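# Observations on the three-dimensional arrangement
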Amino acid sequence: LDSLARQHVMPDHQKVVFSDTVGFMHDLPHNLIEAFKATLEEVESADLLLHVVDISNTNHVNLKESVDKVLAELGALDKSTILVLNKIDRIDDQGLIDMACRRYKNSVAISGLEGKNVESLLQLIQKELAGRVVQVDLCVPMSRMDLVNMVHKQGNVENIEYLDDKIRIKAGVPHPLAGLLHQAADVRK
């Protein structure tokens, strides 16, 4: 029941980590429910949820609602979520796909197997995460190479200049890292 995490660079060069939890199983035996919920702990710290639903399954509406119920129990139903309607390659009627996309806000229909509309999914993810990135242009002390490493790992570096006793950083970074950078810059003022 372990989750799998992979780093990915988005088209706008933003770095994200996808954490793939175990698939939801309908009517899970009671003794496995807690173990299953433990795999979803990452939901609490996620910036964005991708709720993947097999749209080719005739019971997909009920399965989606079952997952929503578990997310509600975890207090995560109000998190930013993209509903990914997967396996459109198994559906011949485009009208059914269009109807499902209209039914659910913030959804995208894809075929992971064939790669159909995956670019649309990445663009939607990028749009959702755009508000979580801050542009910084500041100087931090040379002694804070840990922050420079974090910028490289978590951000989109535009320019880094090594000066006599400080490092000038221009980058797009997540809000928490921007706060750390500003604190380090303020210390030197």
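Before any of the text, the structure's been laid out above.
A brief look at the structure comes next. Position numbers for residues start from 1 in each chain and track the written sequence from start to end. Local features in a predicted model are, by the rule used here, given only for residues with pLDDT of at least 70; side-chain atom pairs are given and counted only at 80 or more, and totals for whole chains, interfaces and linings are based on all residues. Side-chain metrics in this entry use all non-hydrogen atoms of the structure; hydrogen atoms and water are not considered.

### Quick look at the pairing of strand S4 (residues 81-86)
When accessible area is computed with a 1.4 Å probe and restricted to protein chains, residues below 20% of their type maximum are described as buried, those above 50% as exposed, and intermediate ones as partly exposed. A run of DSSP states H or I qualifies as a helix once it reaches four residues; a run of E qualifies as a strand once it reaches two. Both are numbered from the N-terminal end. Burial analysis of S4 places 5 of its 6 residues in the buried class, which makes it a mostly covered element. What makes two strands pair is DSSP finding at least two bridges between them. As judged from the 6 bridges shared by strand S3 (residues 49-54) and S4, these two strands associate in the parallel manner. Bridge pairing in S4 places Val 53 opposite Leu 85. Two strands pair when backbone bridges link them, and S4 and strand S5 (residues 107-109) are joined in this way by 3 bridges, in the parallel orientation.

### Regarding unusual backbone geometry
With a phi close to 75 degrees, Lys 87 is a non-glycine residue in the positive phi region. Along the chain, Lys 87 falls in the loop between S4 and helix H4 (94-103). Backbone geometry at Asn 117 places phi at a positive 65 degrees, although glycine is not the residue there. By the secondary structure assignment, Asn 117 is in the loop between S5 and helix H5 (118-129). Using a relative accessible area of 38% as the deciding quantity, one classes Asn 117 as partly exposed.

### Things to note about the pattern of salt bridges
Criterion for a salt bridge: a side-chain nitrogen of Lys or Arg within 4 Å of a carboxyl oxygen of Asp or Glu. Summed over the entire model, instances satisfying the criterion amount to 6 salt bridges. In this structure, the salt-bridge partner of Lys 87 is Asp 54, at a minimum N-O distance of 3.5 Å. Taken together, the residues span a long stretch of sequence, with Lys 87 in the loop between S4 and H4 and Asp 54 in strand S3 at a distance of 33 residues. Of the residues examined, Lys 87 reaches a relative accessible area of 27% and is grouped as partly exposed. Arg 168 serves as the salt-bridge partner of Asp 137, at 2.8 Å between the closest nitrogen and oxygen. Placement of Asp 137 in strand S6 (residues 133-141) and of Arg 168 in strand S8 (residues 166-174) is noted, with a sequence separation of 31 residues between them.

### Thoughts on H5
Take the residue count of a helix, subtract one, and multiply by 1.5 Å to get its expected span. End to end, H5 covers 17 Å across 12 residues, agreeing with the expected 16 Å (1.5 Å per residue, within 8%). For H5, the complete set of buried residues consists of Leu 121, Leu 122, Leu 124, Ile 125, Gln 126 and Leu 129. We call two residues in contact whenever any of their non-hydrogen atoms come within 4.5 Å of each other. If you follow the buried residues of H5, they end up packed against strand S1 (4-9), strand S2 (15-20), S3, S4, S5 and S6.

### Here's the deal with the nonpolar core
The nonpolar side chains of a soluble globular protein tend to be buried with one another. Val 136, Val 140, Val 151, Ile 169, Val 173 and Leu 181 are the most contacted members of the largest nonpolar core, which has 17 residues in total. Broken down by secondary-structure element, the contributors of at least two residues to this core are S6, helix H6 (145-154), S8 and helix H7 (175-188). To define a nonpolar core, start from buried Ala, Val, Leu, Ile, Met, Phe, Trp, Tyr and Cys residues and group those joined through side-chain atoms within 4.5 Å.

### Remarks on a nonpolar patch on the surface
The grouping of Met 142, Met 145 and Tyr 162 at the surface amounts to a nonpolar patch, some 270 Å² of accessible area in total. Inspection of the secondary structure puts Met 145 in helix H6. Each patch groups residues whose relative accessible area exceeds 30% and which form no salt bridge, using 9 Å between like charges and 5 Å between nonpolar side chains of Val, Leu, Ile, Met, Phe, Trp and Tyr. Shrake-Rupley sampling with a 1.4 Å probe provides the accessible areas, and residues are treated as covered by the protein chains on show and by no other component.

### Things to note about the sheet that holds S4
Read across the sheet, 3 strands follow the order S3-S4-S5 without closing on themselves; strand pairing throughout is parallel. On the outer flanks of this sheet lie S3 and S5, each paired with one strand and no other. Across the sheet, the axes of successive neighbouring strands diverge by a mean angle of 20 degrees, strand direction being ignored. For helices, the fitted line uses only the C-alpha atoms of the stretch in contact; every axis is such a line through C-alpha atoms, and the angle between N-to-C directions lies from 0 to 180 degrees. Relative to S4, H5 is tilted by about 175 degrees, and along the sheet it contacts S3, S4 and S5.

### Some details on the environment of Ser 45
Within the fold, Ser 45 resides in helix H2 (residues 42-45). Note on Ser 45: relative accessible area 61%, which makes it exposed. Residues Ser 45 and Ala 76 lie 31 residues apart in sequence; the distance between their C-alpha atoms is 9.7 Å.

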